[in-house]
Amino acid sequence: MIHRQLHLAEGAAANNFGVSLPGKSDAVRQILKDPYRLDFTELSGRPAERDLEDALVDNLVRFLTELGVGFAFVGRQYPIVVGDSEYRIDLLFYHCKLHCYVVLELKTRKARAEHFGQLGFSVSVVDDLVRDKERDEPTLGILIAESRDRAMVEYALRGYNTPLAVSTYAGLPEGVRELLPSAEDLSRIADHVLNAPATSEPEEE
């Protein structure tokens, strides 16, 4: 935690919770981080959003650990039907302590103003069509992007009454993944170690 500077990351994501969740903003803010450490995906550079999503789902337990205590996975590319059209949510979670759904949108580029419209739409639909209004708290939306412009984010968040937040992620630096051994290399080394003849113990004099 010290090495990853968790104390600086917790609660650091930009959000509009002070306006959209008055009285609860501090508690909700603490479930967020900035940045999220996604180096376990072993993706470098700027991967496609679907590749990042695949890697997170393949490493779901580790991703849930990085998100923090209380997150439960609901689904990926979660379908929501509005009128005669179907839309898909990248990743949908439920937070067991806050008793609310959490919509997570992934962007492998810099966050842009139009991304908040997509996220706000998904949050509103989940709020109306998925959430149990008698039991669940308002749905949260989190945009995780490669980078962000703080001034743009501040203005974008002002335009929404739904609780939204934006954070960044940190993966492997450029070129690092190419230096790592492949899964085949590791398997070959493991087989060699397991099949190597055992060395005899030296005799005591």
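Residues numbered from 1 in each chain as written. Predicted model: local features only at pLDDT ≥ 70, side-chain atom pairs only at ≥ 80, totals over all residues. Heavy atoms only, no water.

(A) Layout of helix 5 (residues 60-67). Listed as buried for helix 5 are Phe63, Glu66 and Leu67. Burial along helix 5 is one-sided: seen end-on, the buried residues are contained in an arc of 100°. Exposed side chains of helix 5 directed beyond 90 degrees from the buried face belong to Val61 and Thr65. Residues of helix 5 that are buried make contact with strand 2 (36-37), helix 4 (49-58), strand 3 (71-82), strand 4 (85-95) and strand 5 (100-110). Immediately beyond the C-terminal end of helix 5, within one or two residues, lies glycine 68, with a positive phi of roughly 120°. (Buried < 20%, exposed > 50% of the residue type's maximum accessible area, 1.4 Å probe, protein only. Helix = DSSP H or I, 4+ residues; strand = E, 2+ residues; numbered from the N terminus. Arc of directions from axis to C-beta. Contact = heavy atoms within 4.5 Å.)

(B) Region of interest: the pattern of salt bridges. Scanning the model with the defined rule gives 8 salt bridges in all. With its nearest N and O atoms 2.5 Å apart, the salt bridge here joins aspartate 54 to arginine 76. With aspartate 54 in helix 4 and arginine 76 in strand 3, this residue pair connects regions lying 22 residues apart in the sequence. The partly exposed category is assigned to aspartate 54, whose relative accessible area is 27%. (Salt bridge = Lys/Arg side-chain N within 4 Å of Asp/Glu carboxyl O.)

(C) Quick look at the packing of aromatic side chains. This model, assessed by the stated rule, comprises 5 aromatic pairs. Aromatic side chains phenylalanine 73 and phenylalanine 93 sit 5.6 Å apart centroid to centroid with 65° between the ring planes, which places their arrangement in the edge-to-face category. With phenylalanine 73 in strand 3 and phenylalanine 93 in strand 4, this pair connects stretches of sequence that are 20 residues apart. Seen from their ring centres, tyrosine 94 and tyrosine 101 are 4.9 Å apart, and the 80° between their planes marks the pair as edge-to-face. Under the relative-accessibility criterion, tyrosine 101 is labelled buried at 16%. These aromatic residues form a ring-pair network of at least three members: Phe63, Phe71, Phe73 and Phe93. (Phe/Tyr/Trp six-rings, centres within 6.5 Å; stacked < 30°, edge-to-face > 60°.)

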